[in-house]
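# Structural overview
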Amino acid sequence: MATYSDLKDKVILVTGAGRGIGKSIALSLAAQGAHVVFNYRGDEAKASSLKEEFEKAGGKATGLKFDVTDYEAMTKALDEFTKNVAPISGLVNNAGISKDTLLLRLKPDEISSIIDTNLKGSMMVTQALTRNFLKAENVSIVHMSSIVGLMGNASQAAYAASKAGLIGFSKSVAKELASRNVRSNVICPGFIQTDMTDALNEKAKEEYSKVIPLGRFGTTEEVSNLTCFLLSKASSYMTGETFKIDGGMYI
Ligand code: NDP
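Conventions used here
- Residues numbered from 1 in each chain as written.
- Predicted model: local features only at pLDDT ≥ 70, side-chain atom pairs only at ≥ 80, totals over all residues.
- Heavy atoms only, no water.
- Near = heavy atom within 4 Å.
- Polar contact = N/O pair within 3.5 Å; in protein donor to acceptor, adjacent residues only side chain to side chain.
- Areas by Shrake-Rupley, 256 points an atom, 1.4 Å probe, with all protein chains shown as cover.
- 1 Å grid on protein atoms, 1.4 Å probe; cavity = no way out; pocket = protein on both sides within 12 Å on 5 of 7 lines; lining within 4 Å.
- Sits in = over half its atoms within 2 Å of the grid points.
- Helix = DSSP H or I, 4+ residues; strand = E, 2+ residues; numbered from the N terminus.
- Nonpolar A, V, L, I, M, F, W, Y, C, P; charged D, E, K, R; others polar.
- Points joined across faces, edges and corners; volume = space filled by probe spheres on them.
- Axes fitted to C-alpha atoms, helices over the stretch in contact; angles between N-to-C directions.
- Parallel < 35°, antiparallel > 145°, perpendicular 65-115°, else oblique.
- Contact = heavy atoms within 4.5 Å.
- Phe/Tyr/Trp six-rings, centres within 6.5 Å; stacked < 30°, edge-to-face > 60°.
- Patch = residues over 30% accessible without salt bridge, like charges linked within 9 Å, V, L, I, M, F, W, Y side chains within 5 Å.
- Salt bridge = Lys/Arg side-chain N within 4 Å of Asp/Glu carboxyl O.

Before going further, it helps to spend a moment on the site of the ligand. The environment of the ligand is made up of 28 residues, and the closest members are Arg19, Asp67, Asn94, Tyr159 and Thr194. Take arginine 41: an N or O atom from its side chain is 2.8 Å from an oxygen atom of the ligand. Considering the ligand on its own, with 900 Å² of exposed area, one finds that the protein chains cover 91% of that surface. More than half of the atoms belonging to the ligand lie within 2 Å of the grid points that define the largest pocket. Counting only elements with at least two residues in the shell around the ligand, the list comes to helix H1 (20-31), helix H6 (157-177) and helix H7 (195-198). Among the elements that take part in the shell around the ligand, H7 stands out by supplying three residues, more than any other. Of the residues contributing to the shell around the ligand, the split by class is 10 nonpolar, 13 polar and five charged.

Turning our attention to the layout of surface pockets. In this model, the largest pocket occupies a volume close to 1200 Å³. Residue lining of the largest pocket: 50 residues in total, with Arg19, Gly96, Ile97, Thr194 and Met196 positioned closest to the centre. Contributing elements (two or more residues each) for the lining of the largest pocket: H1, strand E2 (35-40), helix H2 (44-57), helix H5 (148-151), H6 and H7. Class assignment of the residues belonging to the lining of the largest pocket gives a composition of 22 nonpolar, 19 polar and nine charged. Here the second largest pocket is characterised by a volume of approximately 200 Å³. The wall of the second largest pocket is formed by Asp79, Thr82, Lys83, Pro87, Gln127, Ala128, Thr130, Arg131, Asn132 and Lys135. Of all the elements in the fold, those that place two or more residues in the lining of the second largest pocket are helix H3 (71-84) and helix H4 (108-135). For the lining of the second largest pocket, the element with the most residues is H4, which contributes six residues.

Another aspect to go through is the packing of H1 against H2. When two helices pack together, you describe them by how their axes are tilted relative to each other and by the distance separating the axes. H2 packs onto H1 with a crossing angle of 40° between their chain directions and a minimal axis gap of 7 Å. Between H1 and H2, the crossing angle belongs to the class labelled oblique. Listed contacts from H2 to Lys23, Ala26, Leu27, Ala30 and Ala31 of H1 are Leu50, Glu53, Phe54 and Ala57. In terms of residue class, the contact of H1 with H2 is made up of seven nonpolar, no polar and two charged.

A few words on the side chain of threonine 101. Mapping threonine 101 onto the fold places it in the loop between strand E4 (90-93) and H4. If we skip the residues at most four places from it in the chain, threonine 101 touches Leu106, Glu110, Ser155 and Gln156.

To continue, consider the packing of aromatic side chains. Overall, the coordinates contain four aromatic pairs when judged by the stated rule. On the basis of an interplanar angle of 50° and a centroid distance of 6.2 Å, the ring pair of tyrosine 4 and phenylalanine 229 is categorised as tilted. You can see tyrosine 4 sitting in the segment before strand E1 (11-14) and its partner phenylalanine 229 sitting in helix H9 (residues 220-231), a full 225 residues away along the chain. Ring centres of phenylalanine 38 and phenylalanine 54 lie 5.4 Å apart, and the angle between their planes is 80°; on these two criteria the pair is classed as edge-to-face.

For the rest of this paragraph, the subject is a nonpolar patch on the surface. A surface patch of nonpolar side chains, amounting to about 240 Å² of accessible area, comprises Leu150, Met151 and Tyr250. Its place among the elements puts methionine 151 in helix H5.

Next up, the structure:
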């Protein structure tokens, strides 16, 4: 695991930290002494066991109850935290969903839920924290896009559009807030082993592995290493960038 001393005590919100890539990022941040803020959606028992797990890893952890598509609950929870506990100086917009459907079969409500979660959710969380960012120091925002947002993919038109949208959003935030020392970057993972890719059948996984030069799916730890680098001062001169982490799939 890559470690960065400036992440100690840094207060960082990771959305979708309950499993997969987000959980790995939260654990890795906690192990470096960060204060991890995570959202959860109703399951109080799971939230308290996550808090325990993150704190056991070494950091502090606070769970906030909100869904990224519920603007009111999300702004209320974030406002209360930043006013009463501490300013947030790191954000990982990681919560996301995917649903593979051919364009001809894609329903308007499926498009809405994918765009609302992956793109609008990330935009609204970033906006809700912007006033707080102006008061915080060394702010770094990381948006979890996808290689599919760069290259497109059959059956993933809505997902690809949501992930491509994040890239334009991140570049705009980078330009708008650079003078306030707020950085914004995008990570585009290829195939990473999580619940999202476990849904693929074995044959599909084999076929996909054949088109990855490194010959395998990535691990969540590999994505969290890059995320920690982008959150830390080690990447202080990087903003508005898009980083692929895909085993060479899209060279
Ligand atoms: P998972 O499906 O394993 O986890 C998704 C997380 O997002 C869960 O914690 C889930 O919460 C949370 N979430 C989903 N919708 C919402 C919502 N409306 N409000 C709050 N939280 C929500 O995904 P991965 O770990 O695989 O993916 C993480 C990110 O990385 C996603 O944005 C994904 O698009 C992206 N990505 C993943 C790749 C992969 O190969 N795995 C490849 C490229 C990009 P809950 O537990 O409550 O359901």
